[in-house]
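Fold and contact review
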Amino acid sequence: MPDPLTEANRAIHAWIGARLLDHLDSLTALDLPTAREHWRGLAAVIEDHATVEDALVFPAYAALGAYPVTGLPALFTADHQLVRAGLAALGEQLAGLAEGPDLRRKVVLGLDRYISFRHLLMHHTQRENEIMYPRLGEVLDEGVRAELAGGLMGAHDQVVRDVVGVA
Ligand SMILES: [Fe+2]
Ligand SMILES: [Fe+2]
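Residues numbered from 1 in each chain as written. Chains lettered and ligands numbered in written order. Predicted model: local features only at pLDDT ≥ 70, side-chain atom pairs only at ≥ 80, totals over all residues.

What to know about the nonpolar core
In terms of nonpolar packing, the biggest core is built from 12 residues, these being Leu 5, Ala 8, Ile 12, Val 57, Tyr 61, Phe 76, Met 132, Tyr 133, Leu 136, Leu 148, Ala 149 and Leu 152. Those elements giving two or more residues to this core turn out to be α1 (4–28), α2 (32–62), α4 (103–139) and α5 (142–164). In contact with Tyr 61, other than residues within four places in its own chain, are Pro 73, Met 132 and Leu 136. In this structure, Leu 27, Leu 42, Ile 46 and Val 107 belong to the second largest nonpolar core, which totals eight residues. (Core = buried A, V, L, I, M, F, W, Y, C linked by C-beta atoms within 7 Å. Buried ≥ 20, exposed ≤ 12 C-beta atoms within 10 Å, placed from the backbone. Helix = DSSP H or I, 4+ residues; strand = E, 2+ residues; numbered from the N terminus. Contact = placed C-beta atoms within 7 Å.)

Thoughts on the confidence of the model for the protein chain
In this model, the protein chain carries an average pLDDT of 95, and 98% of its residues clear a pLDDT of 70 or more. Confidence, read as mean pLDDT per element, is least for α5 in the protein chain (92) and greatest for helix α3 (residues 73–95) (98). (pLDDT = per-residue confidence, 0-100.)

With respect to α5
When the terminal C-alpha atoms of α5 are compared, their 32 Å separation across 23 residues agrees well with the 33 Å that a helix rising 1.5 Å per residue should span. Along α5, the residues classified as buried are Arg 145, Leu 148, Ala 149, Leu 152, His 156 and Val 159. Next to the buried residues of α5 lie α1, α2 and α4. Phi turns positive one or two residues past the end of α5, at Gly 165, with a value near 100 degrees. (Expected span 1.5 Å × (residues − 1).)

Some words on the packing of α2 against α3
Close contact between α2 and α3 brings their axes to 11 Å; oriented N to C, the two are set at 165 degrees. Taken together, α2 and α3 sit at an angle that is classed as roughly antiparallel. The way α2 lies across α3 gives a crossing that is left-handed. Contacts between α2 and α3 pair Arg 36, Trp 39, Ala 43, Ile 46, Glu 47, Ala 50, Asp 54, Phe 58, Tyr 61 and Ala 62 from the former with Pro 73, Phe 76, Thr 77, His 80, Val 83, Arg 84, Leu 87, Gly 91 and Leu 94 from the latter. Looking at the contact of α2 with α3 residue by residue, the class counts come to 12 nonpolar, three polar and four charged. (Axes fitted to C-alpha atoms, helices over the stretch in contact; angles between N-to-C directions. Parallel < 35°, antiparallel > 145°, perpendicular 65-115°, else oblique. Left-handed = near helix turned anticlockwise from the far one by under 90°. Nonpolar A, V, L, I, M, F, W, Y, C, P; charged D, E, K, R; others polar.)

Concerning unusual backbone geometry
Of note in this structure, Leu 30 is not a glycine but carries a positive phi near 60 degrees. Along the chain, Leu 30 turns up in the loop between α1 and α2. The backbone of Ala 66 sits at a positive phi, close to 50 degrees, despite the residue not being glycine. Within the element layout of this structure, Ala 66 appears in the loop between α2 and α3.

Quick look at the structure:
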């Protein structure tokens, strides 16, 4: 049976992946206001989730020891740094777009960076869902696990309500 921690992370990352596609749908339709609205929610949710993980989940994982070589705690921290750098670069790129005859070409030229970001998120999601969260699920007491899962989902629902307007 899947543990609630991995399931919570899976659900949050699924929301992020779906919202990134919503953003790209709007962007490639050259609908800048909707693309910006989707981006605002996406960036807020990613930043919030990474902050909660940095504060609660990564320290719990770092205390376990005996990591597989592909699951060293420093790799997760480095992933979050890359995700934040990607968010900043894409946010800047989006802010630089404006209505006009060359908008489509600028959107097309900007797609490379989105593909890299999408791959980075997919890679990080896989590392978390296949290594870190299942390991925490195995080791932590049921009560601690449920509390952590509740903390992750609670923070996610809150930021979605506050920034996007629905949960
Ligand atoms: Fe995560
Ligand atoms: Fe993460």
